[in-house]
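Examination of the molecular architecture
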Amino acid sequence: MRSSRTTALALTGALSFTLLAACSSGSDDAGEGDGTSGGKTVLRVVSLLPGSEQEAFDAFDEQVAQFEEANPDIDVQPEEYEWKATTFAAQLAGGTLPDVFEIPFTDGKTLIENGQLADIDAQFQALPYADDFNPNVLQAGTGADGKVYAIPAKSVYGIGLHYNRALFEQAGLDPDDPPTTWDEVRADAKAIADATGQAGYATMTQNNTGGWQLTVATYARGGRVQTTDDDGTYTATLDNDGTKEALEYLHDLRWEDNSMGANFLLDWSSINQAFAAGQVGMYTSGSDVYTSLVQTNAINPDDYGLTAVPLEGDDAGVLGGGTLAAVSTSASEAQKEAAVKWIDFYYLRKLTDQDAAVKDAETLVASDQPVGTPVLPIFSQEQYDESQQWIADLVNVPLDQMTGFTDVIFDQPLVPEPAGSTQELYGALDTVVQAVLTDEDADIDALLEQADADVQAILDKNAG
Amino acid sequence: MALTHDARAARPRRTPVTWVRRGGLSTLVFAMPLLVVFGLFSWLPIGRAVVMSLQETNLVTTAWVGLDNFRTVLADPLLATAVGNTLWFAALALLLGYPVPLLAAVLMSEVRRAKGLYSALAYLPVVVPPVVAVLLWKFFFDARPEGVFNTMLGWVGVGPVPWLQDAGWAMPSLVLEATWAGAGGTIIIYLAALTSVPGELYDAAEVDGASVWRKVWHVTMPQLRGVLLITFILQIIGTAQVFLEPYLFTDGGPANATITVLLLVYRYAFGQSLGGDYGAATALSLMLAAVLAVLSVVYFRLTRSWSQA
């Protein structure tokens, strides 16, 4: 009896200590992440959107292999990733982001201020084209100290109007003659809804994308949702005429024409899905979205059309934004070196070096991945045109179905996203857009007045 | 009683040695695993939450702000909406989710053949991972006339119903799914409780000429009283913390029609990409916990006599 009791005691005691040890060993495990494995620097990078086609992953893996061959001391570990305003903070706080991750232009400044991005200035300045960036683009990732913490990568986009050519044809519309005014958009949307039963026009409403696209619609009508004052503080101007007009427009399409379908809870990825599935006739989103429509939603290229967002009224402009590549603060020096090498290889060299551009395009084409999706220049426009010439023979996206956009985008005034508390502002507008689309009697003036007051309170709080 | 008496008598002579001899050490060692697990994963986080609710922190820099977080939360116009929505959810869930499992359990206990099959069918939704269930239901809830539910309603000439796409319909839709997902567990509890009802009571009632409904009302219900009281308060606590359905179905929309207290907590903490207000999030969590604790105590006080009678 005695001995079995002692054994039980010892076992129980040992169990408790094992538990304690298991809990405290977390820091040891983390040690692996900051350094090396088998003498190689381990670098976790963003790969593609979750749920992308196998061919897209094949092409990505091929690029990783090319990179590792050129950099035998680096071990690249790709991770699927989609930036969402509503999950990013949790990922950042939880330390589950890859070492190299992507953020929108709008978040760069604040993340830098909060010390949440690694200082990669030294590595960045060593890049041969470090001085060639369009300064307006580069400043999104530059801190108040003048150092670069995040590098413009992947894409700079202008918003375009994406449309489904098959639905246009079914509605008796000419897909080669897309609408150029908001009235034409409305008429075409009604025609599509009446003829096909699908949504003629749709807009995002969730995860701050509703506010993002309402800002697009506001700019297109000459409105602005925020002004920057001389002392660097921001004033919310959500209840401006452009936004009101944009909301009344949505209201009319939804409630008078019934041409916006039946689903109004859509974010970036779900509207892409609905569009590729032929449930949406037209919607506005970044000009670069075609790539993920192919990679993630298997869109039929013949059905895809892209044209410019109609601009009406004084001061009307196209919202432009983009993506920055940044490095986690937990990265070691060796990882930062490796990270910038990867950013150079995967995102940027193909824009600045002919051999790299051709090699990149060939790799993508070999796996049937889109090459040549229209974006805006990260460097100068001449340089962009030149880089497009290098790969002209390899372009496999239906550029002739995108001329409505590519012919005019460099003549359209580009307006950056609101700079102060951008995502909070977008979030407040989400609610307004949802209210207008789901409640016929929504009071647009009152909603905007309330949202404006809410956002101003956030701006004041963040300024203080 | 005898135990405390014993301990009291022993107190004057207690030394560390007698404490060990009397088994104090082994008690402690046996309690250790439990203490470690609870301490690390329950009590420590709760303690951290209390501390954090008095701070303004981005997990890197931290400042003490006293009760500011509580003031911020109480001044937030969304709080009233969230509380209202949560109460609405709780009320609907009570109306639908409380009687349905009871009815199902009573009916199932009357079934003579293939009892196990019915239990398994009833419990199946609980086994389906909640996220999968929500994605399925999202598909069913398609608001277009050709959506699954709308097609079915169309057969009987009803609808189409906007389901999640309308501020008025969104919450009942969530409750419908939540009831489907949660009923199985409660049904199993009721079934277990029903087997403990002595058969003689039913026999006696039958001899007295009681109908089925009189038997249910006068025999089954009183015998299930204890269990019913517990599932009631568990249901209240559960629905007050509803998060999964509104988060996955609607993210609080349309136009905040389904934002709940817990979803608001989540939004405070993680809703914005640039880092959240963890202080406000913990402050609201603590307020919710306090309300639920008070509610539980009041509830058990009020029903004490009934449950013991």
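So, here's what we can say about the structure. Note that this is a predicted model, so its numbers are computed, not measured. Residue numbering note: each chain is counted from 1, following its sequence as written. Written order decides the labels, with chains lettered from A and ligands numbered from 1. Reporting in this predicted model follows two pLDDT cut-offs: at least 70 for local features of residues, and 80 or more for side-chain atom pairs to be given and counted; totals over whole chains, interfaces and linings ignore these cut-offs and use all residues. Here the side-chain values reflect all heavy atoms present in the structure, with hydrogen atoms and water set aside.

Residue and element names in this part refer to chain A. The secondary structure listing takes helices from DSSP runs of H or I that are at least 4 residues long and strands from runs of E that are at least 2 residues long, numbered from the N terminus. How far a helix is expected to stretch is found by multiplying one less than its residue total by 1.5 Å. Here helix H9 (residues 182-196) contains 15 residues, and its C-alpha end-to-end distance of 21 Å stays within 8% of the 21 Å for a straight helix at 1.5 Å per residue. Among the residues of H9, Trp182, Val185, Asp188, Ala189, Ile192 and Ala193 are the ones counted as buried. The arc that holds every buried residue of H9, seen down its axis, measures 135 degrees, which confines them to one face. Seen from the open side of H9, the exposed residues pointing more than 90 degrees away from its buried face are Asp183 and Asp194. Whether two residues are in contact is decided by their heavy atoms: any pair within 4.5 Å suffices. Where the residues of H9 are buried, they touch strand S5 (150-164), helix H8 (165-170), strand S6 (199-201), helix H10 (209-220), helix H11 (241-256) and strand S9 (280-286). Gly197 lies just past H9 and shows a positive phi near 80 degrees. Burial classification: accessible surface area is computed with a 1.4 Å probe over protein chains only, and a residue below 20% of its type maximum counts as buried, one above 50% as exposed, and the rest as partly exposed. Throughout, the arc means the angular range of directions from the helix axis out to the C-beta atoms.

Okay, the interface of chain A and chain B next. Opposite the 38 residues of chain A that make contact, chain B presents 34 residues. Salt-bridge detection follows one rule: a side-chain nitrogen of Lys or Arg within 4 Å of a carboxyl oxygen of Asp or Glu. Put simply, chain A and chain B have one salt bridge between them. Among the ionic pairs, Lys461(A) bridges to Asp277(B), the shortest N-O distance being 3.4 Å. N or O atoms within 3.5 Å of each other form a polar contact, as long as, within protein, one can give a hydrogen and the other can take it, and as long as residues adjacent in sequence are counted only when both atoms are side-chain atoms. Linking chain A to chain B there are seven residue pairs in polar contact (both at pLDDT 80 or more). Broken down by secondary-structure element, the contributors of at least two residues to the side of chain A that touches chain B are helix H1 (2-24), helix H4 (85-94), helix H5 (105-113) and helix H18 (422-438) of chain A. If one sorts the elements of the side of chain A that touches chain B by residue count, H1(A) sits on top with 10 residues. Here the nonpolar group is Ala, Val, Leu, Ile, Met, Phe, Trp, Tyr, Cys and Pro; Asp, Glu, Lys and Arg are the charged ones; every other residue, Gly included, is treated as polar. Here the side of chain A that touches chain B is built from residues that sort into 17 nonpolar, 17 polar and four charged.

Residues and elements named next belong to chain B. What counts as an axis is a line fitted to C-alpha atoms, over the stretch in contact for a helix, and the angles between N-to-C directions run from 0 to 180 degrees. At a closest axis distance of 8 Å, the pairing of helix H5 (residues 77-97) and helix H14 (residues 261-270) adopts a crossing angle of 145 degrees. Contacts between H5 and H14 pair Leu78, Leu79, Ala82, Val83 and Thr86 from the former with Val261, Leu264 and Arg267 from the latter. Across the contact of H5 with H14, the residue classes break down as six nonpolar, one polar and one charged.

So, on to empty space enclosed by the protein. Residues and elements named next belong to chain A. In this analysis, the protein atoms alone were mapped onto a 1 Å grid. Cavities are point sets where a 1.4 Å probe fits without being able to get out; pockets are open sets with protein on both sides within 12 Å along at least five of seven lines; lining residues have an atom within 4 Å of a point. Grid points are joined across faces, edges and corners, and a volume is the space filled by probe spheres set on the points. One pass over the full model with this rule turns up three cavities of 30 Å³ or more. If you add up the space inside the second largest cavity, you get close to 100 Å³. Listed by contribution, the elements that provide at least two residues to the lining of the second largest cavity are H10 and H11. Among the elements that line the lining of the second largest cavity, the one with the most residues is H10, at four residues. In terms of residue class, the lining of the second largest cavity is built from nine nonpolar, three polar and one charged.

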